[in-house]
Amino acid sequence: MAVDTQAPSRGFIGAAYRTCPETGLKVCSQAEALIKVNAVVAVVFLAVGGFFGLLVALTRWPAVHLLPADWFYLLLTAHGADVLLFWIIFFEVAVLYFASAIILNCRLAAPKFAWLAFVLMVVGAVLANVAVLQGESSVMFTSYVPMQAAPHFYLGLIVFAVGTLIAVFCFFGTLVIAKEEGSYEGSVPLVTFGAITAAIIAVFTIASGAIILIPTFLWSVGYISHIDPLMYKIIWWGMGHASQQINVSAQVAIWYAVAAMLLGAKPLSEKVSRMAFLMYILFLQLASAHHLLVEPGVSSEWKIFNTSYALYLAVLGSMIHGMSIPGAMEAAQRRNGFNNGVFEWLRKAPWGNPAFSGTMLSIVIFGFLGGISGVVMGTEQLNLIMHNTLYVPGHFHATVVGGTTLAFMAITYLLVPLIFRKEIMFKKIAQWQPYVFGAGIAGISLFMMGAGTLGVARRHWDMGFSDAAMSFDYPATAFLMMGLNGMAGVLAAVGGLMFVLVVVCSVFFGKARTPESIAASPTLPDTGGAATVTAYGSEAHPKLPGTVVLVSIFLVAFVLYYYVNWKYLSEVWPLS
Amino acid sequence: MAIFPPQNRLWWKEPLSGIEITWIGVAFIWGLIMFGTMVGWHFVGKQNLSNETYRVDPSAFGEKVEAMVERYQVREEGDTGVPVVHPAPGTDIYMLARLWEWWPVLELEKDQSYRLHLSSMDWQHGFSLQPQNINLQVHPGYDMVLTITPDKSGEYAVVCNEFCGIGHHTMVGKIHVIDKK
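Residues numbered from 1 in each chain as written. Chains lettered and ligands numbered in written order. Predicted model: local features only at pLDDT ≥ 70, side-chain atom pairs only at ≥ 80, totals over all residues.

**Description of the overall build of chain B**
Which entries qualify depends on this criterion: Helix and strand assignments follow DSSP, with helices taken as H or I runs no shorter than four residues and strands as E runs no shorter than two, numbered in order from the N terminus. To get the radius of gyration, use the C-alpha atoms; to get the globule rule, take the number of residues to the power 0.38 and multiply by 2.2 Å. Buried residues are those with 20 or more other C-beta atoms within 10 Å of their own C-beta, exposed residues have 12 or fewer, and partly exposed residues lie in between; C-beta atoms are placed from the backbone. It is the C-beta atoms, placed from the backbone, that decide contacts: two residues are in contact if theirs lie within 7 Å.
Scanning chain B for helices and strands turns up two helices and 12 strands. What you see in chain B, going N to C, is helices and strands ordered as α-β-α-β-β-β-β-β-β-β-β-β-β-β. In summary, chain B has a C-alpha radius of gyration of 24 Å against a globular reference of 16 Å for 181 residues, an excess of more than 25%. Dimensions of chain B, computed from C-alpha atoms along their principal axes, come out at roughly 80 × 40 × 30 Å. When each of the 181 residues of chain B is scored for burial, the buried share is 44%. In chain B, the proportion of contacts linking residues at least 24 apart, taken out of those at least 6 apart, comes to 55%.

As structure tokens, then:
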């Protein structure tokens, strides 16, 4: 294909394009620029927030106990905002633009508004950080009333949310343009479908955030006298938990994308995978209840219905993806010729490619550690023995860091050559990075869950209670767990640093991709075997014994761990 | 591929593979079992929260706590002289949370039931009974009532596990459970 990769050509509506030499897709210059800036800012917040996280982990390591109490609470607040909110959402905006303009082969809608969105998001994120670092807003990421932060803390979050909403509407607008201009045929690709799921949930999330943060801002400047703490929590978590479902949708879309790009994997069934995404839209937003299971003033009926996403229907969605993605990979690998035994397809997968290894680790950590612990903790009565212990951050570090962040890191290894058109530098470091980071995060999650099972409180500066009027000693095992957690935190920080080093150096100092280097090491390998299969549906599938084994292991682990926790519960004081 | 539109435009008419159908069925049934376990525990389990809550003004709640302390105080405990109360079994007992203490200390009898009232005077706090690991959220303005039946004697700590400001980590209370005299 003779294509000039450098000179942008003009499309018929005046938008500038280049043609991608690796995929043949038209790449809208505005979309490309916006993906770049959003991704770069995201990585900046990851680096800053990750560094704060390291300091927090070192403080909770009893033998180190690094920070004084006020700095610990301050940086814990900043850590939550910077990585849970700013890193993830900046990156998600990049993913939305990629899944619309790039994958659908069309121009980005209203690029000026997309730039405005970017500016608002940066201003909001910086404002919230300034408020926290000034020391008057150490209220934790959740900022439960009646504890009050400085007004510009809430204002920063509101401005950031407005920017995000504008970006989401640019995404929706791009879908409309693609349809109108016929830039694709038939239905949108599955990855775009997943991104649409994320965007729809984002609108719900931002609406919840506006409903609660705007009055809270007005309360902080004195226009409103009282905010009910229970109402605050219900609505705040309509944002706080639902926003994690944006992450789940985006990360699952990335799992499908990486499986497709590297292995040529097709969904086993478009219908099933799309239904699973639809279940996210329909049921995931009930999860605000997960944070209200030991609260006064909400009834058991309300808790049971909402905490289980109706009848665990959103969990069903995730379990479907958890089977269909490895299934799609196995099918593709078997078509690619790795057909021996049960697991040759898995053994001979491209484990040296960080995009693939990051994705696989993301699936495993999210499913086994994050998914199972989330369902257990979200069970009405089991929450009694877990609420606000370190079990909670143990769970969500597995989902949000092991799942979402690792998936975002994985696709970054594809975005750097495809969108930034730079060679990945330090290939060896890049190759090891997902393993180091994944091992650190798995350690953090497991050790925090262990400490939480032993009762250790989250968001707590001193598990030794040295300044308390009354004493209490956690078991020695709990102190051991927190020491191990500190070490795992250091390992994760090393993995995070490796990522930032590779990405920043590659983007700013890396060699540009040339037609020769593309030919020598294509980002998207030629998965010729897969391309010959042209139909979906069961007839085209080989048997998938490996996937059957994997999901069976998952189910057994799930069932056992679930009932072990009921056993723990049955041993505490009777309550009624 | 998942990054291209489905090749079959009528993708919703494609037949499902057996493994997918089976897995969806298994996962759905497992969801129903978990849902049933939660509901069933309300009938067969001994650890369920009541749905009893009242709106209460913090000062009114404080008065009730003080009345209990006046009636049932048996001694003081700790550096700050927190009163220890030994209320009659079966009665309403109170513990309030405020920056940064649980007040007062309760002395309960093993295998007796008490109606425990929890509320906060100021911000939100987390009632974390250790080493039992029973965790409840305590709100200002809400009086949460639950019946507790301590079934093991010993000394228990109440740790605060909801962040409540710079003294959060010093907020520790006590509940003693003693064998019946």
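So that's the structure; there's more coming.
**Things to note about the overall build of chain A**
When you go through chain A residue by residue, the secondary structure sums to 18 helices and three strands. The C-alpha radius of gyration of chain A comes to 23 Å, within 12% of the 25 Å expected for a compact globule of 576 residues. The principal-axis extents of the C-alpha atoms in chain A amount to approximately 75 × 55 × 45 Å. Contacts in chain A between residues far apart in sequence, at least 24 positions, make up 84% of those at least 6 positions apart.

**Examining the domain arrangement of chain B**
Which entries qualify depends on this criterion: An automatic or database domain assignment supplies the residue ranges for each domain.
When cut into domains, chain B gives domain 1 (15–44) and domain 2 (53–178). Of note, the centres of domain 1 of chain B and domain 2 of chain B, computed from C-alpha atoms alone, are 40 Å apart.

**Section: the nonpolar core**
Where a protein is soluble and globular, its nonpolar side chains tend to be buried together. Rules: A set of buried residues drawn from Ala, Val, Leu, Ile, Met, Phe, Trp, Tyr and Cys, joined through C-beta atoms within 7 Å, is what defines a nonpolar core.
Ranked by internal contacts, the top residues of the largest apolar core, which has 261 residues, are Phe90, Tyr97, Tyr256, Ala257, Val258 and Ala259 of chain A. In terms of residue count, helix α2 (residues 69–102) of chain A provides more of this core than any other element does, 25 residues in total. Formed jointly, this core draws a minimum of three residues from each of two domains, domain 1 (15–44) and domain 2 (53–178) of chain B. Ignoring sequence-local partners within four residues, the contact set of Phe90 of chain A consists of Asn38, Val41, Ala42, Phe45 and Met121 of chain A.

**Considerations on the packing of helix α10 (residues 309–335) of chain A against helix α18 (residues 545–570) of chain A**
Residue and element names in this part refer to chain A. Short version of the rule: The angle between two axes is taken between their N-to-C directions and runs from 0 to 180 degrees, where each axis is a line fitted to C-alpha atoms and a helix contributes only its stretch in contact. Here roughly perpendicular refers to angles of 65 to 115 degrees, roughly parallel to angles under 35, roughly antiparallel to angles over 145, and oblique to all remaining angles. Here a crossing is taken to be left-handed if its near helix is turned anticlockwise relative to the far helix by less than a right angle, and right-handed if that turn runs clockwise.
Between α10 and α18, whose axes approach to 9 Å, the crossing angle comes to 155°. Put simply, α10 runs roughly antiparallel to α18. Two packed elements cross with a definite hand, and for α10 against α18 that hand is right-handed. Along the contact surface, α10 presents Gly322, Met323, Pro326, Gly327 and Glu330, while α18 presents Gly546, Thr547, Leu550, Val551 and Phe554.

**Section: the sheet that holds strand β2 (residues 73–77) of chain B**
What holds strands together in a sheet is hydrogen bonding between their backbones, with the strands either parallel or antiparallel. Residue and element names in this part refer to chain B. Formally: Pairing between strands is defined by DSSP: at least two bridges between them are needed.
Here we have seven strands laid out as an open sheet, ordered β2-β3-β6-β12-β11-β8-β9, and mixed in their pairing. Single-partner strands in this sheet number two, and they are β2 and β9 (134–138). Taking the axes of each pair of neighbouring strands and ignoring which way they run, one obtains an average angle of 25° across the sheet. Looking at chain direction, strand β8 (residues 125–130) and strand β11 (residues 154–160) are connected through four bridges and run antiparallel. Following the sheet pairing, Gln130 is matched in β11 by Ala157. Sheet strands touched by helix α2 (residues 58–72): β2 and β3 (82–85). Its angle to β3, the strand with the most contacts, is close to 70°.

**Quick word on the interface of chain A and chain B**
Applicable threshold: Each residue receives one of three labels: charged for Asp, Glu, Lys and Arg, nonpolar for Ala, Val, Leu, Ile, Met, Phe, Trp, Tyr, Cys and Pro, and polar for the others, Gly being one of them.
Of the residues lining the interface, 89 residues belong to chain A; the matching set on chain B comes to 78 residues. Looking at the side of chain A that touches chain B, the elements that each hand over two or more residues are α2, α5 (190–220), α6 (229–240), α7 (242–263), α8 (270–283), α9 (300–307), α10 and α18 of chain A. In terms of residue count, the dominant contributor to the side of chain A that touches chain B is α10 of chain A (nine residues). Grouping the amino acids of the side of chain A that touches chain B by side-chain chemistry returns 54 nonpolar, 24 polar and 11 charged.

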